[in-house]
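Chain and residue survey
Here are the chains, one letter per residue:
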Amino acid sequence: MSLFKLREWWSAKLGCEETFGEDVLAVGNVDNSPENAPKLVTGSVQGRIRVHDPQILSAGTGDATSLLLEPRLDSPILQVRLGRLIPNSKQDVAIAVLHPRKLAVYTCRARSSASAATGDAEGGGGTSHFELVPQYIHRFYANGVQFTAYSLCLGPFGGARDHDLMLVQSMDCRITIYENDVDAAFYSNVIPDFKHV
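Residues numbered from 1 in each chain as written. Predicted model: local features only at pLDDT ≥ 70, side-chain atom pairs only at ≥ 80, totals over all residues. Heavy atoms only, no water.

1. Observations concerning the side chain of asparagine 32
Summarising the element assignment, asparagine 32 is placed in the loop between β1 (25-28) and β2 (39-43). Here the side chain of asparagine 32 touches valine 93 through a polar contact of 2.7 Å, landing on its backbone nitrogen. Excluding residues within four positions of it along the chain, asparagine 32 makes contact with Gln91, Asp92, Val93 and Arg109. (Helix = DSSP H or I, 4+ residues; strand = E, 2+ residues; numbered from the N terminus. Polar contact = N/O pair within 3.5 Å; in protein donor to acceptor, adjacent residues only side chain to side chain. Contact = heavy atoms within 4.5 Å.)

Below, the structure written as C-alpha cells:
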C-alpha cells in the first residue's frame, strides 16, 4: 500500500517545436492581483513569453483558458525572473527577461472591458485581456564594446531594502549590476581567471 498518489493537477503544452532553456520558468503574482494568486511565466529560445494561470482549469486540457498572455519578443530568451524592479514601487512585481544582448523589464497588466473602452485604468468591468508593458531596457556594453549575457540573478543585495538589483554575468566572466532603470551599471568588472590546482 502506498501513502502517496501521483495526480496531475494542471498541464499545458508550450508551443510546437520550440526550445526551452534550463532557467526560463518563474512563479509569482506577476499581474499584481489583489488575490495574490501565483501565475507561471515561461520563455523560449524562439523569443515567445507566456503567462499561465494554473487556477483556471478547463474541462479537457488547461491550455486554452489558462493562457493569459503570449507575445513574441525580438530576441531569444535565456532567463526569466520576477522581482521588485519598478522604481518607486515597493510591492509591484515585474518580469526581468534576459536576452543575449540586453536585459528587458516588463510588467503584466490586466485590462478590463470597461477600461478598454473608456481608457480608465480602474474601470468597473471584468478582465478582458492581459498585456505585457515594457518598462525599461539595459543594453550590454562595457567600455564601448557589446558583450553577451550568460546568466541573471535578482535580489536585495548590496544594502537594497525596498527593491531588487539585477546582476548579469557575461560569457567572458564580466559581472554587471543594474539598479532599476538607471542607465549605466554602478559596478562592472571582469572576474580574473581562476587557476586549476
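Back to the text.
2. Section: the packing of aromatic side chains
Here the distance between the centres and the angle between the planes together describe a pair of aromatic rings. By the definition in use, this model includes two aromatic pairs. When the ring of phenylalanine 140 is compared with that of phenylalanine 147, the centres are 5.1 Å apart and the planes differ by 20°; the resulting orientation is stacked. Classification of phenylalanine 147 by relative accessible area gives buried; the value is 5%. Summarising the aromatic geometry, the rings of phenylalanine 140 and tyrosine 178 are spaced 6.2 Å apart at their centres and angled 40° between planes, so their arrangement reads as tilted. Pair noted here: phenylalanine 140 is in the loop between β8 (127-139) and β9 (141-142) and tyrosine 178 is in strand β13 (residues 174-179), with a separation of 38 residues, a long-range link. Side by side, phenylalanine 140 and tyrosine 178 carry an identical accessibility label, which is buried. Cluster of aromatic residues (ring-pair linked, three or more members): Phe140, Phe147 and Tyr178. (Phe/Tyr/Trp six-rings, centres within 6.5 Å; stacked < 30°, edge-to-face > 60°. Buried < 20%, exposed > 50% of the residue type's maximum accessible area, 1.4 Å probe, protein only.)

3. Some remarks on unusual backbone geometry
The phi dihedral of asparagine 32 is positive, around 55°, even though this residue is not glycine. With a phi close to 60°, asparagine 36 is a non-glycine residue in the positive phi region. Take asparagine 36: it is sitting in the loop between β1 and β2.

4. Thoughts on the pattern of salt bridges
By the definition in use, this model includes seven salt bridges. Its salt-bridge partner being aspartate 74, residue lysine 102 comes within 3.0 Å of it at the nearest N-O pair. With lysine 102 in strand β7 (residues 102-112) and aspartate 74 in the loop between β4 (67-69) and β5 (79-83), this residue pair connects regions lying 28 residues apart in the sequence. With a shortest N-O distance of 3.7 Å, arginine 109 and aspartate 92 are connected by a salt bridge. You can see arginine 109 sitting in strand β7 and its partner aspartate 92 sitting in the loop between β5 and β6 (94-98), a full 17 residues away along the chain. Residue classification places arginine 109 among the partly exposed residues on the basis of a relative accessible area of 26%. A relative accessible area of 27% means that aspartate 92 is categorised as partly exposed. (Salt bridge = Lys/Arg side-chain N within 4 Å of Asp/Glu carboxyl O.)

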